[in-house]
Amino acid sequence: MWRLRRAAVACEVCQSLVKHSSGIKGSLPLQKLHLVSRSIYHSHHPTLKLQRPQLRTSFQQFSSLTNLPLRKLKFSPIKYGYQPRRNFWPARLATRLLKLRYLILGSAVGGGYTAKKTFDQWKDMIPDLSEYKWIVPDIVWEIDEYIDFGHKLVSEVIGASDLLLLLGSPGETAFRATDHGSESDKHFRKGLLGELILLQQQIQEREEEARRAAGQYSTSYAQQKRKVSDKEKIDQLQEELLHTQLKYQRILERLEKENKELRKLVLQKDDKGIHHRKLKKSLIDMYSEVLDVLSDYDASYNTQDHLPRVVVVGDQSAGKTSVLEMIAQARIFPRGSGEMMTRSPVKVTLSEGPHHVALFKDSSREFDLTKEEDLAALRHEIELRMRKNVKEGCTVSPETISLNVKGPGLQRMVLVDLPGVINTVTSGMAPDTKETIFSISKAYMQNPNAIILCIQDGSVDAERSIVTDLVSQMDPHGRRTIFVLTKVDLAEKNVASPSRIQQIIEGKLFPMKALGYFAVVTGKGNSSESIEAIREYEEEFFQNSKLLKTSMLKAHQVTTRNLSLAVSDCFWKMVRESVEQQADSFKATRFNLETEWKNNYPRLRELDRNELFEKAKNEILDEVISLSQVTPKHWEEILQQSLWERVSTHVIENIYLPAAQTMNSGTFNTTVDIKLKQWTDKQLPNKAVEVAWETLQEEFSRFMTEPKGKEHDDIFDKLKEAVKEESIKRHKWNDFAEDSLRVIQHNALEDRSISDKQQWDAAIYFMEEALQARLKDTENAIENMVGPDWKKRWIYWKNRTQEQCVHNETKNELEKMLKCNEEHPAYLASDEITTVRKNLESRGVEVDPSLIKDTWHQVYRRHFLKTALNHCNLCRRGFYYYQRHFVDSELECNDVVLFWRIQRMLAITANTLRQQLTNTEVRRLEKNVKEVLEDFAEDGEKKIKLLTGKRVQLAEDLKKVREIQEKLDAFIEALHQEK
């Protein structure tokens, strides 16, 4: 019987084991039971077959609560056919353990559900910041293989959009570090999350207590007589709630600061080339480049710039510049107390970068905004650029200064700071200053896609505002206006009714409408305050302000941080909505310009001003090279002819004629040598250098202005002329050339030896040409003096004047005198002059002695030249006598030797000048031309002045429109990729 009872108990144990087995439905075969149960004697079970178990059977038992193996159990050997008496404590222990497992599992499931519900409530209280995901630059999402920003933490709080924005967005692994961070950092972040959840629970508890207290206050009036009234308790709870919210905000700011520092570290590592990747250009930089090209584009075809930008407008000294500096996180603008500092628009492009720096569009210098000396230099540079843009007689200028500011944590946007609106023109200002500022402001605000940041001074009466009326005219519906009330700390002290500030922020006081209203504090009025100090003062003020405690202002409407986020969000929303439409308008403009070019210039390339300048530059340099390829013979012929034209008058009048008046050859040669020596020492070298320089200019001008046939483009004529004049102006002849040339010329003139008959004939030919040219000039002078002869009077119906008649009578009387004495000297004696005058008076002609001398000069000159030509003809056969030094000969040809010496000096001088030209001066001129071209290439205004015309302007417009369209297409593609 006892065996039957023991078997029944064993069956109950087995049934309980089967009943409590988790995850198994239905009956469990006996073979699958634990060895403890199968070891019990079941005589009534049909499938039981007792077997002798192996000694020391080892196995591992696994629990559903843990993956760790349990302790190995050792069973004593069982004899076949005999079962000893046992206690069932192992079975009871297993049953209790299984029950404990279910209790733990149930508690875990319930706790998880409670935690999820608490987390959902906490998540609903946090604003949705998923739209600000674009704040994180593209580079961050591309380095997810390197930075781990707490993957486990993100997985625990997945679904909280704003916290995921700080710790990494779902679906995109953000900031995974290669070392996965330290364990202490992970514990810190988990503790921080728990602190956030605890703060949320405290906020809910405070709100519940406030509601409960408010309900008790409304239902039971008798309880108001307590020691501490319920109203004071409500105020206290509200204040505690406000402190808790501020504490919560500070924790979020701390998370944001850590994120900012980590992103700065990442950007610095990438900037050093650790990842060896080519960085993509930032989205805001691409957009800023488009705006820069548009600012330089001359809208000749009414192509308006409707791309979005944030336009900062306000009354003078309203705090525009301070607000912009708070957004840029640096004191970058010149400051003044009450005077106008912003004299031209300043376009500021904010973008994110590893270092807080600023640089101008047209400069490579970076200003470190963390150093005070660089900040001072930047402010000074901006002030200098403003003064440079302002023309004489003006106070403000519409020309834009482009500045890029980069730094960690900056909101990406483009802002334009405009001159402050004024009501009265003061002394020292141009009379049209007020109208100019209004026109500049309207030009920027009339852009339908521009975001207007209207700055209003809160410390002055609202009725004194000028800018609000201007903004309401440009944006009457307030669809793109953000209103900012500055100096709220002063307003709170000075305004008698704080509700007036509330009316301003709620948009009820001004007639203008706006998308949003913000109240900010930009400092205590001290220009030396740092941005960090101003921000701390601003947060401290709003934390203690009655405006926020009494709910006159909402938390999201205060601080420049919230303003910056809102403006950036509005800016990018406007960009996404309008940029494609603007790209389409530029495509249409490009099509119109290309069609116009094809119709007007079908066979010409579309060369803009810079390309035309490069083409003209190459042509000019080729022409200068051609100048160095002029043959030596050509140079010498030109130089010799030009030099003789310059010195021929001096040679004939001052050397040959005085020497020819002598009576013998010795005196003639002596006079010639003296006069040649004086001429060489004083005048001849200088005249030769002048001739060489003028010849070089003439040849250079000939090459520059010579038509090139069909390839000649008259659009380059003004440029070539300007380059020629500037190059010649800069060129200076070598000062040592005259000294060396003087020695060469002196040696050439001292040589009197004519070696052969050919040289003798050449000298006679040269002398005849020179004398014939002088005779012709003398005949013309006499004809002008005495008037036309009888043939011209009859044929051309010309008459002589009274003076010409007197000159004619005097000439005839003097010619009679020369016929009587052909060897008359060059000068008239006084008695001869008296005789001529009396003879003329006898014929009724009154003459003056000076008139007789002037007429004699020309008459004797003609007589002398004719005599010299006859003598020159006789000397053609005088080379034989010259070789014998004119011994036993009446023929003397010393004048031929003189002209041979002059001719030889001209040839030697021409050769010397040619060598100096080709070896030195042409190269120096070529260098000057290159320098002038380089200077002109850097001077945009000079190129605009020298390269003009419809063709140039059309090509310029076409190039600009293409560049704008290409940049817009690239920006739109990058914008779509970011989405």
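Structure's up top.
Model, not experiment: these values are computed from the prediction.

1. What to know about the overall build of the protein chain
In step 1: The helix and strand inventory of the protein chain stands at 33 helices and nine strands.
In step 2: Relative to its 979 residues, the protein chain shows a buried fraction of 43%.
In step 3: Considering only residue pairs separated by 6 or more positions, the protein chain has 79% of its internal contacts joining residues 24 or more positions apart.
In step 4: Carbon and sulfur atoms make up 50% of the accessible area of the protein chain, which totals about 54,900 Å².

2. Section: a negative patch on the surface
In step 1: On the surface, a cluster of negative charge is made up of Glu399, Glu931, Glu934, Glu938, Asp939 and Glu941.
In step 2: At three residues, helix H31 (residues 894-938) tops the list of elements feeding residues into the negative patch.
In step 3: Turning to its location among the elements, Asp939 is positioned in the loop between H31 and helix H32 (940-946).

3. Digging into the packing of aromatic side chains
In step 1: Summed over all chains, the structure comprises 14 aromatic pairs.
In step 2: Ring centres 6.0 Å apart and planes at 65° place the aromatic pair Phe766 and Phe899 in the edge-to-face group. Pair noted here: Phe766 is in helix H25 (residues 757-786) and Phe899 is in helix H31, with a separation of 133 residues, a long-range link. Taken individually, Phe766 and Phe899 each receive the classification buried, so the pair is uniform in this respect.
In step 3: Clustering of aromatic rings is evident, with ring pairs tying together Trp644, Tyr656, Phe766, Phe864 and Phe899.
In step 4: Over the aromatic face of Phe360 sits the side chain of Arg385, whose NZ or CZ is 4.0 Å from the ring centroid.
In step 5: Between the NZ or CZ atom of Lys943 and the centre of the ring of Phe613, over which it lies, the distance is 5.6 Å.

4. Here's the deal with the nonpolar core
In step 1: Of all hydrophobic cores here, the largest spans 101 residues; its most connected members are Trp644, Tyr656, Trp679, Trp760 and Ile902.
In step 2: Ranked by residues supplied to this core, first place goes to H31 with 17 residues.
In step 3: The next biggest cluster of nonpolar side chains, apart from the first, holds 67 residues, and it includes Leu294, Ala358, Cys570 and Phe971.

5. Brief notes about the side chain of Lys347
In step 1: Inspection of the secondary structure puts Lys347 in strand E2 (residues 346-351).
In step 2: Side chain to side chain, Lys347 and Thr349 meet in a polar contact 3.3 Å long.
In step 3: Among the polar contacts made by the side chain of Lys347, one reaches the side chain of Ser402 at a distance of 3.4 Å.
In step 4: Sequence-distant contacts of Lys347, defined by excluding residues within four places in its chain, comprise Ser288, Leu291, Asp292, Thr400, Ile401, Ser402, Leu403, Val414, Leu415 and Val416.

6. Comments concerning the environment of Met474
In step 1: Secondary-structure assignment places Met474 in helix H13 (residues 467-474).
In step 2: As a C-alpha pair, Met474 and Tyr444 span 30 residues in sequence and 10.0 Å in three-dimensional space.
In step 3: Non-local contacts of Met474, meaning those with residues more than four positions away in its chain, are made with Lys442, Met445, Gln446 and Arg480.

7. Observations concerning the environment of Ser288
In step 1: Its location among the elements puts Ser288 in helix H9 (residues 283-296).
In step 2: For Ser288, a relative accessible area of 3% gives the class buried.
In step 3: Through-space distance from the C-alpha of Ser288 to that of Leu403 is 9.9 Å; in sequence the pair is 115 residues apart.
In step 4: A distance of 3.0 Å separates polar atoms of two side chains, one belonging to Ser288 and the other to Lys347.

8. Brief notes about the packing of helix H18 (residues 560-600) against helix H33 (residues 950-978)
What describes two packed helices is the angle between their axes and the distance between those same axes.
In step 1: The contact between H18 and H33 brings their axes to 8 Å, and the two run at 150°. The orientation of H18 relative to H33 falls into the category roughly antiparallel. For the crossing formed where H18 meets H33, the hand is left-handed.
In step 2: Along the lines of polarity and charge, the residues of the contact of H18 with H33 split into 16 nonpolar, five polar and twelve charged.

The rules we used
Residues numbered from 1 in each chain as written. Predicted model: local features only at pLDDT ≥ 70, side-chain atom pairs only at ≥ 80, totals over all residues. Heavy atoms only, no water. Helix = DSSP H or I, 4+ residues; strand = E, 2+ residues; numbered from the N terminus. Buried < 20%, exposed > 50% of the residue type's maximum accessible area, 1.4 Å probe, protein only. Contact = heavy atoms within 4.5 Å. Areas by Shrake-Rupley, 256 points an atom, 1.4 Å probe, with all protein chains shown as cover. Patch = residues over 30% accessible without salt bridge, like charges linked within 9 Å, V, L, I, M, F, W, Y side chains within 5 Å. Salt bridge = Lys/Arg side-chain N within 4 Å of Asp/Glu carboxyl O. Lys, Arg positive; Asp, Glu negative; His and termini not counted. Charge placed at Lys NZ, Arg CZ, Asp CG, Glu CD. Phe/Tyr/Trp six-rings, centres within 6.5 Å; stacked < 30°, edge-to-face > 60°. Lys NZ or Arg CZ within 6 Å of the ring centre and 35° of its normal. Core = buried A, V, L, I, M, F, W, Y, C linked by side-chain atoms within 4.5 Å. Polar contact = N/O pair within 3.5 Å; in protein donor to acceptor, adjacent residues only side chain to side chain. Axes fitted to C-alpha atoms, helices over the stretch in contact; angles between N-to-C directions. Parallel < 35°, antiparallel > 145°, perpendicular 65-115°, else oblique. Left-handed = near helix turned anticlockwise from the far one by under 90°. Nonpolar A, V, L, I, M, F, W, Y, C, P; charged D, E, K, R; others polar.

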